[in-house]
Amino acid sequence: MTPDQPAAPRSRPSAPGTGRPVPRAGAAPRVRAAVRAGGRAAVLARPRGGGAKPPRRSSVLESLRRAQARARRAWDRPLTAYYLVLGGALLITVLGLVMVYSASQIKALQSGLAPSYFFRKQLFAAALGGSLMLLAARMPIKLHRAFAYPLLAVSVFLMCLVQVPGMGISVNGNRNWISFGGPFLLQPSEFGKLALVLWGADLLARKQDKRLLAQWKHLLVPLVPATAMLLGLIMLGGDMGTAIILTAILFGLLWLAGAPTRMFVGVLAFAGAIGVLLIKTSANRMSRLACIGATEPGDHDQCWQAVHGIYALANGGWFGSGLGASMEKWGELPEPHTDFIFAITGEELGLAGTLSVLVLFAALGYAGIRVAGRTEDPFVRYAAGGVTTWITAQAVINIGAVLGLLPIAGVPLPLFSYGGSALLPTMFAVGLLIAFARAEPAARAALAMRQPALRKKLARVRRKTMRRPVKKRPSGER
């Protein structure tokens, strides 16, 4: 600094948070008090912790919104339908195996068999069905379409063999079984459901490609006559429950194909009239219809099974009496391991167990609808919708009969009840849904991205497990 330049004023430090200069030591006491008061006011006025806390209600609503957003993102992921179908079907099958073992022990002992007889047969059928599910999930869609026509021909041939004397046998008044000697029985009508789904889906997809579904004759022919042929073969054996399921599959296919409302209502009215005629002409079916909502067995115990199914559910309460502790399976409830296994589930696992089964079926149905709604392939849409209609309608009819809301139709609970003839085609149908869910472009891309990461993870695990531990030697040891 030169002597000509004036001296620069000194800068005094400021009081915290105020910007005011700190007074010198010799300043008046009131000035220092004012500065200190201003600093305290500024400090107190500053927000602590990043601002005032929001109201508790707003924080709860915000948490709910975030949870809803996370749930919506989870539902919209490409592999959601794939995991729902695979996980839901496997959980239903495993829980069904547990309940078949629990519900069938007394029945097996009463028949002079080992307690695990029915369980071992169901376990073998589940293992074989798992192989079929894996095969169906890995088969290309073109092969599924080519497989439809041979399956339909074989199903019709076997359903004709049921009516041949000496080959077809009757079980509980219905002649719809073929005996292969010993305990091995086959119900061809169960495979007829799968055949109708695949063949009907391929037929409608071909006609849609040629833009023929706008004409009612191409929409109904030959789908309705072929279904009527299958229904006639089934009704010759008296199995009206399976006939209802096939009718539901037909209506599901027509609905997905965009049938006009008047045509849809007309076909539904015709089928309803045929159903009423078949019920009116059968005393057994009329007695089943009269047992809806029954609370007493009635004359000649005609409502015995329906009433004891309600008793089993009532005994279960909220959490059930425990696995194996059912009282109704000791000869009181007919068919505890087949048609009325849901009642035994309610008695041993309670309301919690039955609701779990319902949630699993609802998840499976939602996944099937999602697959059918998101695809652009008409065959995949019709086939996925047909399988979803089949499994959902059969579950509703079975559970509705156990709850006393519908007449007893004699159909098993899909993937849950005892019966290999019903389990095998149903698991193949689940494999179809898995294949369709994997075939979505977004799901295919997500699976392709996960494969390299999975291989790297397995390689890291393999390196860790194969690395031999080395003992630490003392510093003087060589």
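Before going further, it helps to examine the pairing of strand β2 (residues 174–179). As paired elements, strand β1 (residues 168–171) and β2 share 4 bridges and run antiparallel to each other. Bridge pairing in β2 places S170 opposite R175. As defined by bridge partners, β2 adjoins strand β3 (residues 185–186) across 2 bridges and the pair is classed as antiparallel. In the strand pairing of β3, I178 is matched with L186.

Turning our eyes to something else, we now look at a positive patch on the surface. Where like charges cluster on the molecular surface, the positive patch consists of R70, R73, R77 and R450. One can find R77 in the loop between α2 (56–75) and α3 (80–110).

Where nonpolar side chains cluster on the molecular surface, the patch consists of W318, F319, L351, L355 and L358 and spans about 570 Å² of accessible area. Considering the arrangement of structural elements, one finds L358 in helix α13 (residues 341–374).

Bringing the packing of helix α6 (residues 188–209) against helix α14 (residues 378–402) into the picture now. Packed helices, taken two at a time, are described by their axes: the angle between them and the distance between them. At a minimum axis separation of 8 Å, α6 and α14 run at an interaxial angle of 150 degrees. By the angle between their axes, α6 is roughly antiparallel relative to α14. Every pair of crossing elements has a handedness; the one defined by α6 and α14 is right-handed. Facing α6, whose interface residues are E190, K193, L194, V197, L198, A201, D202, L204, A205, Q208 and D209, α14 presents P378, F379, R381, Y382, A383, G386, V387, W390 and Q394. Partitioning the contact of α6 with α14 into residue classes produces 12 nonpolar, 3 polar and 5 charged.

What follows deals with the side chain of T388. Take T388: it is sitting in helix α14. Judged by relative accessible area, T388 falls into the buried class, the value being 10%. Contacts of T388, omitting those with residues within four sequence positions, involve G365, G368, I369 and L433.

Another aspect to go through is helix α12 (residues 304–316). For α12, with 13 residues, the first-to-last C-alpha span of 19 Å sits near the 18 Å given by 1.5 Å per residue. Within α12, the full set of buried residues consists of Q305, A306, V307, H308, G309, A312 and G316. Of the surrounding elements, those touching the buried residues of α12 are α13 and α14.

Taking the relative accessible area as the measure of exposure, L358 reaches 37% and is therefore partly exposed. A sequence separation of 266 residues divides L358 from I92, and the C-alpha atoms of the two residues are 9.8 Å apart.

The subject of this paragraph is the state of the cysteines. Applying the stated criterion to the full structure yields 1 disulfide. Covalent S-S linkage joins C291 and C303, the inter-sulfur distance amounting to 2.1 Å. Its S-S torsion of approximately -90 degrees makes the covalent link between C291 and C303 left-handed. Note that C291 is positioned in the loop between α11 (283–290) and α12 and C303 in the loop between α11 and α12, a separation of 12 residues in sequence.

One number sums up the size of the largest pocket: a volume of about 1400 Å³. Broken down by secondary-structure element, the contributors of at least two residues to the lining of the largest pocket are α4 (117–138), β2, β3, α6, α11, α12 and α15 (420–439). Across the lining of the largest pocket, the residue classes break down as 24 nonpolar, 17 polar and 8 charged. The computed volume of the second largest pocket comes to approximately 1100 Å³. The wall of the second largest pocket is formed by 41 residues, among which M240, A243, I244, G275 and L278 lie closest to the centre. For the lining of the second largest pocket, the per-class residue count stands at 25 nonpolar, 12 polar and 4 charged.

An ideal rise of 1.5 Å per residue puts 50 Å on 34 residues; α13 reaches only 35 Å between its terminal C-alpha atoms. The sharpest bend along α13 reaches about 130 degrees and sits at L349.

We now examine empty space enclosed by the protein. Going through the model one piece at a time under the given rule, you end up with 4 cavities of 30 Å³ or more. For the largest cavity, the calculated volume is near 70 Å³. What lines the largest cavity is simply M159, V162, Q163, R175, N176, P188, S189, L233, I234 and G237. Residue assignment for the lining of the largest cavity shows that the elements contributing at least two residues are β2, α6 and α8 (223–236). The residue inventory of the lining of the largest cavity, partitioned by class, reads 5 nonpolar, 4 polar and 1 charged.

The next thing to look at is the confidence of the model for the protein. When pLDDT is averaged across the protein, the result is 84; 82% of the residues are at 70 or more. This model gives residues 40–46 a pLDDT under 50, and the stretch forms 2 contacts once residues within four places in sequence are excluded.

The full count for this structure, using the stated rule, is 8 aromatic pairs. Taken together, a centroid distance of 5.6 Å and an interplanar angle of 55 degrees make the contact between F251 and F264 tilted. Taken as a pair, F251 in helix α9 (residues 240–256) and F264 in helix α10 (residues 261–280) lie far apart in primary sequence, 13 residues in all. The residue whose ring lies beneath R381 is Y382, and the NZ or CZ to ring-centre distance is 5.3 Å.

Whether parallel or antiparallel, the strands of a sheet pair through hydrogen bonds between backbone atoms. Across the sheet, which stays open at both edges, the 3 strands sit in the order β1-β2-β3 with antiparallel pairing between neighbours. Edge strands, defined here as strands with exactly one partner in the open sheet, are β1 and β3.

Below, the discussion takes up the pattern of salt bridges. As a working rule, side chains carrying opposite charge can pair if their charged atoms are close by. In the structure shown here, the tally under the stated rule is 6 salt bridges. Ionic pairing is found between R66 and E62, a salt bridge with its closest N-O pair at 4.0 Å. Residue R66 and its partner E62 are located together in helix α2, separated by 4 residues, close to a single helical turn. For D202, the salt bridge goes to R145, with nearest N and O atoms at 2.7 Å. Taken together, the positions of D202 in helix α6 and R145 in helix α5 (residues 141–161) put the pair 57 residues apart, joining distant regions of the chain. Each member of the pair, D202 as well as R145, is classed as buried. Through salt bridges with shared partners, one network takes in E62, R65 and R66.

Rules and cut-offs
- Positions within a chain are numbered from 1, following the residues in the order the chain's sequence is written.
- Only residues with pLDDT of at least 70 get local features here, since the model is predicted, and only at 80 or more are side-chain atom pairs given and counted; chain-wide, interface and lining totals rely on the full set of residues.
- Hydrogens and water are ignored here; the side-chain numbers use all heavy atoms of the structure.
- Here the rule is simple: two strands pair whenever DSSP picks up at least two bridges between them.
- The helix count covers DSSP runs of H or I at least four residues long, the strand count covers runs of E at least two residues long, and both are numbered beginning at the N terminus.
- To count toward a patch, a residue needs a relative accessible area above 30% and no salt bridge. Like charges then connect within 9 Å, nonpolar side chains (Val, Leu, Ile, Met, Phe, Trp, Tyr) within 5 Å.
- Per-residue accessibility takes into account occlusion by the displayed protein chains alone, with areas from the Shrake-Rupley method and a 1.4 Å probe.
- Salt bridges are identified by distance alone: a Lys or Arg side-chain nitrogen within 4 Å of an Asp or Glu carboxyl oxygen.
- In this tally, Lys and Arg are treated as positive and Asp and Glu as negative; His is ignored, and so are the chain termini.
- Charged side chains are reduced to one point each, which is NZ for Lys, CZ for Arg, CG for Asp and CD for Glu.
- A fitted line through C-alpha atoms represents every axis, and for helices the fit uses only the stretch in contact; the resulting angles, taken between N-to-C directions, go from 0 to 180 degrees.
- Here the word oblique covers every angle except those under 35 degrees (roughly parallel), over 145 (roughly antiparallel) and from 65 to 115 (roughly perpendicular).
- The handedness criterion is simple: a crossing whose near helix is rotated anticlockwise from the far helix by less than a right angle is left-handed, and one whose near helix is rotated clockwise is right-handed.
- Note on definitions: a residue-residue contact is assigned when non-hydrogen atoms from the two residues lie within 4.5 Å.
- Under this grouping Gly is polar, as are all residues other than the nonpolar Ala, Val, Leu, Ile, Met, Phe, Trp, Tyr, Cys and Pro and the charged Asp, Glu, Lys and Arg.
- Only protein chains enter the calculation, and the probe is 1.4 Å; a residue is then buried if its accessible area is under 20% of its type maximum, exposed if over 50%, and partly exposed in between.
- By this rule, a helix spans an expected 1.5 Å times one less than how many residues it contains.
- Cysteine sulfur atoms are paired as a disulfide whenever they come within 2.5 Å of each other.
- Using a 1 Å grid laid over the protein atoms alone, points where a 1.4 Å probe fits but cannot get out form a cavity; open sets with protein on both sides within 12 Å along at least 5 of 7 lines form a pocket; any residue with an atom within 4 Å of a point counts as lining.
- Grid points are joined across faces, edges and corners, and a volume is the space filled by probe spheres set on the points.
- Fitting axes to the seven residues ending at a residue and to the seven starting there, one defines the bend at that residue as the angle between these axes.
- For every residue, the predictor states its confidence as a pLDDT score lying anywhere from 0 to 100.
- Here the aromatic set is Phe, Tyr and Trp, taking the six-membered ring for Trp, and pairing holds for ring centres within 6.5 Å; pairs whose planes are under 30 degrees apart are stacked, those over 60 apart are edge-to-face, and all others are tilted.
- Two thresholds decide whether a charge sits over a ring: the Lys NZ or Arg CZ must be within 6 Å of the ring centre and within 35 degrees of the ring normal.

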